[in-house]
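Take a look at the letters that make up each chain.
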Amino acid sequence: MKLDIIGGGPAGLYFAVLMKRADPAHDITIYERNGPDDTFGWGVVFSGKTLAHLRAADEASHQRITSAFAAWDNVDVAHHDQKITVRGNSFSGIGRLQLLKILQQRCTELGVQLNFKTEISDIDQLASKCDLLLGADGVNSTVREKYKQHFQPLLEARPNKYIWYGTHQLFHGLTLTFREHEGGVFAAHSYKFNESTSTFIVECDQQTWTGSDFAKMTDLDTREFLQQVFGKDLGDNSLLSNNSKWINFLNVKNEHWYYNNIVLLGDALHTAHFSIGSGTKLALEDAIALSQCFDRSADVPLALAEFERVRKPVIAEYQAAALESCIWFENARQYMNLSPLELAYVIMTRSGRVDAESLRRRDPAFVAAYEQELSHKGSAVGRSETEQRRPG
Ligand SMILES: Cc1cc2nc3c(=O)[nH]c(=O)nc-3n(C[C@H](O)[C@H](O)[C@H](O)COP(=O)(O)OP(=O)(O)OC[C@H]3O[C@@H](n4cnc5c(N)ncnc54)[C@H](O)[C@@H]3O)c2cc1C
């Protein structure tokens, strides 16, 4: 089969690895507009479950990815200068560039043709010369845009602003830090992804963003301002920019997932808010799901129809949980009067995927401390107030 892939991100690279592994006779080419060492952003997160899927799909890349990982089991919630630790959450972080290098190397070993610095604009021409064209070209997908009458995308920009930085301050665990500053409310999502660097994403609502006058600030002004806001959390470490810009999260869905021999994958197909840390995970698991459909049938229309049938409900469930989480952060301002323990509890249960009992299994000491605080406050009043303030 001749297979062309637009986009050398996690989705495109991993799909190429899996297809070439399944059948070395496949003729696979990836077109990537950037160079092999260019990347945006810092680190990405995987859960323990994702790692098990990666091991089953390709042991060689799994081994390299896990040996480059920073792993932890705690979510830390920092609020009112107090840090609450919730254990029993298995996560790992890896630098995005490191992940891409591992997948690029694996592609090369297997004989996938990698064409860097090659931007594709004539999609029709490419599609007419191959059996399968993969649109793995990211959140602003040209492939999706070109065939939008067929894919029928639903694009929704969420109201919060966020900006993706790095820092040499090491956050050992998935750390959510809340800071109130000059009438604004800021949340930072941070985690260590190698021995010397953490991802540090700052998110705020529109009111905070406008009130802080970020529109008029340079990159340096913005970092200095945020370093002040998170001064106690960053220690002496500064925020590191990688062409970092404030953006609104774009929720992407598509009514149809393929058109003729063209299929979308990864962020081009769907997004899930970064607060549940699953964009790269979904991209890699898409690649696994699609390659499994080709294991079952080499017939392109049949395999693509099967991919949409089996994968769409899984993605819908994730997107629903991610939206709950996204909305929670859009309303973070209204939770700032909670105590650190209450806030940590509400955050852990925000997406509806973790309930009180599963939280108790993960970290009984945390749930006991939370319940003890409630009973001190007068359990009936405290519980109902906290629950009323939980997102619906
Ligand atoms: C602030 C922020 C934080 C995030 N945090 C996490 C996290 O913690 N964990 C996580 O798992 N994910 C996270 N993500 C999401 C993650 O970065 C993406 O979901 C993931 O990279 C999707 O992979 P992809 O291969 O579909 O797309 P991408 O990684 O975007 O790759 C698409 C590639 O296509 C190339 N391309 C585009 N158009 C063309 C063209 N016409 N011709 C040639 N090449 C083209 C691009 O250069 C790019 O390399 C975060 C994202 C953001 C913005």
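Below: a short report on this structure. (Residues numbered from 1 in each chain as written. Predicted model: local features only at pLDDT ≥ 70, side-chain atom pairs only at ≥ 80, totals over all residues. Heavy atoms only, no water.)

**So, the site of the ligand**
- In the region of the ligand, 34 residues are neighbours, and A11, E32, R96, D267 and T280 sit closest.
- In this structure, a nitrogen atom belonging to the ligand sits 3.2 Å away from a main-chain N or O atom of V45.
- R96 has a polar side-chain atom sitting 2.7 Å from an oxygen atom of the ligand.
- Summarising the interface, the protein chains cover 92% of the accessible area of the ligand, which totals 1,000 Å² for the free molecule.
- Top element by residues in the shell around the ligand is helix 11 (residues 279-296). It accounts for four residues. (Near = heavy atom within 4 Å. Polar contact = N/O pair within 3.5 Å; in protein donor to acceptor, adjacent residues only side chain to side chain. Areas by Shrake-Rupley, 256 points an atom, 1.4 Å probe, with all protein chains shown as cover. Helix = DSSP H or I, 4+ residues; strand = E, 2+ residues; numbered from the N terminus.)

**Notes on empty space enclosed by the protein**
- According to the stated counting rule, one finds three cavities of 30 Å³ or more in the structure shown.
- In this model, the largest cavity occupies a volume close to 60 Å³.
- For the largest cavity, the full set of lining residues is N160, V185, F186, A187, E203, C204, D205, F329, A332 and R333.
- Those elements giving two or more residues to the lining of the largest cavity turn out to be strand 12 (184-192) and strand 13 (198-204).
- At three residues, the largest contribution of residues to the lining of the largest cavity is made by strand 12.
- Within this model, the second largest cavity holds a volume of roughly 40 Å³.
- Around the second largest cavity, the lining residues are F249, N251, T271, A272, H273, Q319, A322, L323 and C326. (1 Å grid on protein atoms, 1.4 Å probe; cavity = no way out; pocket = protein on both sides within 12 Å on 5 of 7 lines; lining within 4 Å. Points joined across faces, edges and corners; volume = space filled by probe spheres on them.)

**Quick look at the pattern of salt bridges**
- Per the counting criterion, the structure on display carries 29 salt bridges.
- The salt bridge involving K117 is made with D38; its shortest N-O contact spans 3.7 Å. Of this pair, K117 sits in the loop between strand 8 (113-115) and helix 5 (123-128) while D38 sits in the loop between strand 2 (27-31) and strand 3 (43-47); the two residues are 79 residues apart in sequence, bridging distant segments of the chain.
- Judged by its relative accessible area of 36%, D38 falls in the partly exposed class.
- With a closest N to O distance of 3.0 Å, R106 and E109 form a salt bridge. Here the residue R106 and the residue E109 both occupy positions in helix 4 (residues 96-110), the gap between them amounting to three residues, near one helical turn.
- Taking the relative accessible area as the measure of exposure, E109 reaches 43% and is therefore partly exposed.
- Linked through salt bridges whose partners overlap, the residues forming this network are R21, D58, R64, R106 and E109. (Salt bridge = Lys/Arg side-chain N within 4 Å of Asp/Glu carboxyl O. Buried < 20%, exposed > 50% of the residue type's maximum accessible area, 1.4 Å probe, protein only.)

Worth remembering: the numbers are spatial, not functional.
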